[in-house]
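Chain by chain, the residues:
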Amino acid sequence: MPTIVVEVMPKAELLDPQGKAVVGALARLGKNEFRDVRIGKRFELTVDGPVDDALLAEVHAIAEDMLANTVIEDVVSVHQAAIETVVAGETH
Amino acid sequence: MRIGVITFPGSLDDRDAQRAIRLAGAEPVALWHGDHDLHGVDAIVLPGGFSYGDYLRAGAIASHAPIMAEVIDAANAGMPVLGICNGFQMLAEARLLPGAHTRNAHQQFIRRDQKLRVENNRTAWTNQFAEGAEIVIPLKNADGRFVADAETMARIEGNGQVVFRYLDVNPNGSMNDIAGVSNERGNVVGLMPHPEHATEAGFGPNMPDAMRSGTDGLRFFTSVIAAFARS
């Protein structure tokens, strides 16, 4: 089934405590080449019908209004998932 | 005076808020998140807890609950609204208050008896405090770090919308040590610490003179009663 992917990231200028904890853990594993890790969110919205520009625009509006809080987060991407990127075993 | 307390799925401190309202001398009215009815109350408290499991973001789903349409209309018409902890997060998510909340900078849930300074005693919920009063009420949260962009921060600092600031310890990394803010009009106030847990001697925070004797939270509720009496 068609899936629309929404990706949300914490704003670059804000502290991301979770990302900071992960980069600290990587350093303790000897992986010192990573300066920074930031953790965002990926939403997958599945629809029955076809995905057109109007639906993508509606999802973008929903993303700005509810899926993200634009005071602290940015909606970085709204796009239709290519079939092969959807988790294997859940499609076809 | 009748003060509504809205219960959401996952609210924890709704009955404590009702009890605090009664102790202050007003009548608490239980309201339900799924209704479109404020039952004619004169003020509203959004209580603490973990509404809707805090899924998505703390307070985010609750800010879209059915009753919030009426709360937003009432707040914009001047009704006093107090958001405590999760209720503060809801008011920020509903854009009734400036800023937003993120995970505590140290990643831990924290509970402590917290000292605050009352920075603005002209709001509906703080008029019974002296300006600059130092109070102690309990704090308990995981997502309590107040953040706002530079422009918003300059505006709310300039307008006196910073109502409470953390003293001695900034428990969650909040910008400018901000514990609570108001809207421009001063009828909507939100804060992370819990005034409703400091309203009855024997059950409040520890104070220098006696354990569990703190009742500084009671003045939030006597303030709104005084504001109502003047209106």
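Preceding this paragraph is the structure being described.
Notes on the structure in this doc start here.

The rules behind each value
Residues numbered from 1 in each chain as written. Chains lettered and ligands numbered in written order. Predicted model: local features only at pLDDT ≥ 70, side-chain atom pairs only at ≥ 80, totals over all residues. Helix = DSSP H or I, 4+ residues; strand = E, 2+ residues; numbered from the N terminus. Rg over C-alpha atoms; globule rule 2.2 N^0.38 Å. Contact = placed C-beta atoms within 7 Å. Buried ≥ 20, exposed ≤ 12 C-beta atoms within 10 Å, placed from the backbone. Pairing = 2+ DSSP bridges. Right-handed = clockwise from strand over helix to strand, strands pointing away. Axes fitted to C-alpha atoms, helices over the stretch in contact; angles between N-to-C directions. Arc of directions from axis to C-beta. Core = buried A, V, L, I, M, F, W, Y, C linked by C-beta atoms within 7 Å.

**Points about the overall build of chain B**
Across its full length, chain B holds five helices and 11 strands. For a compact globule of 231 residues, the expected C-alpha radius of gyration is about 17 Å, and chain B comes in at 16 Å, within 12% of that figure. Its C-alpha atoms put chain B at 40 × 35 × 35 Å along the principal axes. Of all intrachain contacts in chain B linking residues separated by at least 6 positions in sequence, the fraction that spans at least 24 positions is 73%.

**Structural notes on the pairing of strand β3 (residues 43–46) of chain B**
Residue and element names in this part refer to chain B. A two-sided burial pattern is seen for β3, the buried positions comprising Ala 43 and Val 45 on one face and Ile 44 and Leu 46 on the other. Of the strand pairs in this sheet, strand β1 (residues 2–7) and β3 are connected by three bridges, and their pairing is parallel. Residue pairing across strands places Ile 3 opposite Ala 43, the latter belonging to β3. When β3 meets strand β4 (residues 81–84), the two strands line up parallel, connected through three bridges. Bridging from a neighbouring strand, Val 45 pairs with Leu 82 of β4. Crossover connection from β3 via helix α2 (residues 68–76) to parallel β4: handedness right-handed.

**Some words on the sheet that holds β1(B)**
For sheets, the rule is that strands pair by backbone hydrogen bonds, running either parallel or antiparallel. All names here are of chain B. Pairing is mixed in the open sheet, where nine strands are placed in the order β2-β1-β3-β4-β11-β10-β9-β6-β7. Edge positions in the open sheet fall to β2 (27–32) and β7 (134–141), since each of these has one partner strand only. Each strand of the sheet is rotated relative to its neighbour by a mean of 25°, with strand direction disregarded.

**Regarding helix α2 (residues 53–67) of chain A**
Note: α-helices contain 3.6 residues per turn, so residues at a spacing of three or four share the same orientation. All names here are of chain A. Within α2, the full set of buried residues consists of Val 59, Ala 63 and Leu 67. Down the axis of α2, the smallest arc covering the buried residues is 45°, so these residues share one side. Away from its buried face, by an angle of more than 90 degrees, α2 presents the exposed residues Asp 53, Ala 54, Ala 57, Ala 61 and Asp 65. Buried residues along α2 sit against β1 (3–10), β2 (41–46) and β3 (73–80).

**Comments concerning the nonpolar core**
Counting 71 residues, the largest nonpolar core has Ile44(B), Val45(B), Ile84(B), Leu91(B), Phe221(B) and Val224(B) as its most contacted members. Among the elements that make up this core, the one with the highest residue count is helix α5 (residues 218–230) of chain B (six residues). Setting aside residues no more than four positions away along its own chain, Val45(B) makes contact with Ile3(B), Val5(B), Ala17(B), Leu82(B), Ile84(B) and Gly87(B). Counting residues in each nonpolar core, the second largest holds eight residues, with Val6(A), Val59(A), Ala63(A) and Leu67(A) among its members.

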